[in-house]
Structures are given as structure tokens and as C-alpha cells.
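# Coordinate inspection notes
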Amino acid sequence: MVCDICKKADATVYLAKIVGGKLLKANLCESCAREKGVEASAGFDEDLLVGLGADIKLESPGVQCPVCNFTQADFKKTGRLGCSACWETFEVGLASLLKAMHKGDHHIGKVPTKAMHTLVLSGKIRELSEQLEKAVSEEKYEDAAQVRDEIRELEAKLKKTGSAVRSPE
């Protein structure tokens, strides 16, 4: 890949930054990166990308973390937050940034299909067990019997998948 600035040398420094929900990229050779003051381990200034035709506006660094005094400008420069309180301080900007980078702003993780099926069935059994306890305490025995039967059906399904759950009886 060729350097975006000099258009001659091979690019060895690759920069990427999300600004305003848009991914901005810059590919630089070592000498152009050195001229622009870009270090491999550090973030980079938005002014670098302005010369490459990217339209970037730096927000005012007025918001500051009350715990570590980290500012928006510090975050934009390093791409990292200063402390755990920064998540709350910069919450509005981080939500849109995370949505642009990922599918959403909440981590839900990955679960194997078989395990997810087991989790769903176990959750239903827990809910039904609560309903069963409530029905018994209210002396609604017909309802309790129906809920008990539903629980047994779900437990049978769980046993087929190889996961046994104790009966709430």
C-alpha cells in the first residue's frame, strides 16, 4: 500500500480513528509519519487527516472527568480513558462511538447454541418455579398443578440435551 501523503513510499504506519460515527484511515510511510509526529504506540491528531481530505471538527475539551481530570481532548489523542469514572463523564459521546464500532453498546458475549438452549430452558424453569410457589401460597392448587406439569416438561427437554436441573418440588 502506498503512503497517502507522499504517494511514493510503501506505507508501514496504518492509522484508523472513528470520528462522528465515520471511520477515517491514513496509511503513512515511516518518514511521513515521523514528519507528522506520529508514534506507533500513540494516538494521532485529527489535523493529520484534514490534509488527506477528511472533514473533522475537534469538540471543545470542556468536559473533564472529576476523578482523574481527563478531558475529551485527552481521550481523542490517546484513544483511552483515564479511569472508570470517565465512562460516566463521557457517556454521551462513548455511546455513539461504541455503536459505530460495534453492533451495539452493550456486551452480551457469545454462547454456544446448545448452552443457550439450556440457559433459556433453565430461565423458564426458574420463572415457572416462582409461579408455582406463588400459586401454592395462594392455595390455587389447580394452577399449581398446571405449572408443575410445565416444569416437568421443560426438565425432560433439558435431560434430552444432557443437562439435568433439579426439580423445585
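Note that the structure is predicted; figures quoted are calculated from it, not measured.

Take the packing of helix 6 (residues 113-137) against helix 7 (residues 141-161) next. In a pair of packed helices, the angle between the axes and the distance between the axes together describe the arrangement. Between helix 6 and helix 7, the least distance of the axes is 9 Å, while the angle of their chain directions is 160°. Relative to helix 7, helix 6 is oriented roughly antiparallel. Helix 6 and helix 7 meet at a crossing whose hand is left-handed. Grouping the amino acids of the contact of helix 6 with helix 7 by side-chain chemistry returns twelve nonpolar, six polar and seven charged.

Counting residues in hydrophobic clusters, the biggest one holds ten residues: Leu121, Ile125, Leu128, Leu132, Ala135, Ala144, Val147, Ile151, Leu154 and Leu158. Those residues in contact with Ala144, other than ones at most four positions away along the chain, are Leu132, Ala135 and Val136.

Attention now goes to unusual backbone geometry. Even without being a glycine, Asn69 presents a positive backbone phi close to 65°. In the Ramachandran plot, Glu139 falls in the positive-phi region, its phi being about 60° despite a non-glycine side chain. Looking at the secondary structure, you find Glu139 in the loop between helix 6 and helix 7.

This paragraph deals with the pattern of salt bridges. On inspection of all chains with the given rule, the structure shows two salt bridges. Lys140 is the salt-bridge partner of Glu138, the closest N and O atoms lying 3.3 Å from each other. In this structure Glu138 comes out as partly exposed when scored by relative accessible area, which is 38%. Residue class for Lys140 comes out partly exposed when judged on its relative accessible area of 42%. Across the pair Arg148 and Asp149 runs a salt bridge whose closest N-O atoms are separated by 3.1 Å.

Let's shift gears to the confidence of the model for the protein chain. Per-residue pLDDT for the protein chain has a mean of 76; in total, 75% of the residues score no lower than 70. Throughout residues 49-61 the model reports pLDDT below 50, and contacts reaching past four residues in sequence, or to other chains, amount to 23 contacts. Contacts of residues 164-169 to residues separated by more than four positions or lying in other chains number ten contacts, the stretch itself having pLDDT below 50.

Conventions and cut-offs
- Residues numbered from 1 in each chain as written.
- Predicted model: local features only at pLDDT ≥ 70, side-chain atom pairs only at ≥ 80, totals over all residues.
- Heavy atoms only, no water.
- Axes fitted to C-alpha atoms, helices over the stretch in contact; angles between N-to-C directions.
- Helix = DSSP H or I, 4+ residues; strand = E, 2+ residues; numbered from the N terminus.
- Parallel < 35°, antiparallel > 145°, perpendicular 65-115°, else oblique.
- Left-handed = near helix turned anticlockwise from the far one by under 90°.
- Nonpolar A, V, L, I, M, F, W, Y, C, P; charged D, E, K, R; others polar.
- Core = buried A, V, L, I, M, F, W, Y, C linked by side-chain atoms within 4.5 Å.
- Buried < 20%, exposed > 50% of the residue type's maximum accessible area, 1.4 Å probe, protein only.
- Contact = heavy atoms within 4.5 Å.
- Salt bridge = Lys/Arg side-chain N within 4 Å of Asp/Glu carboxyl O.
- pLDDT = per-residue confidence, 0-100.

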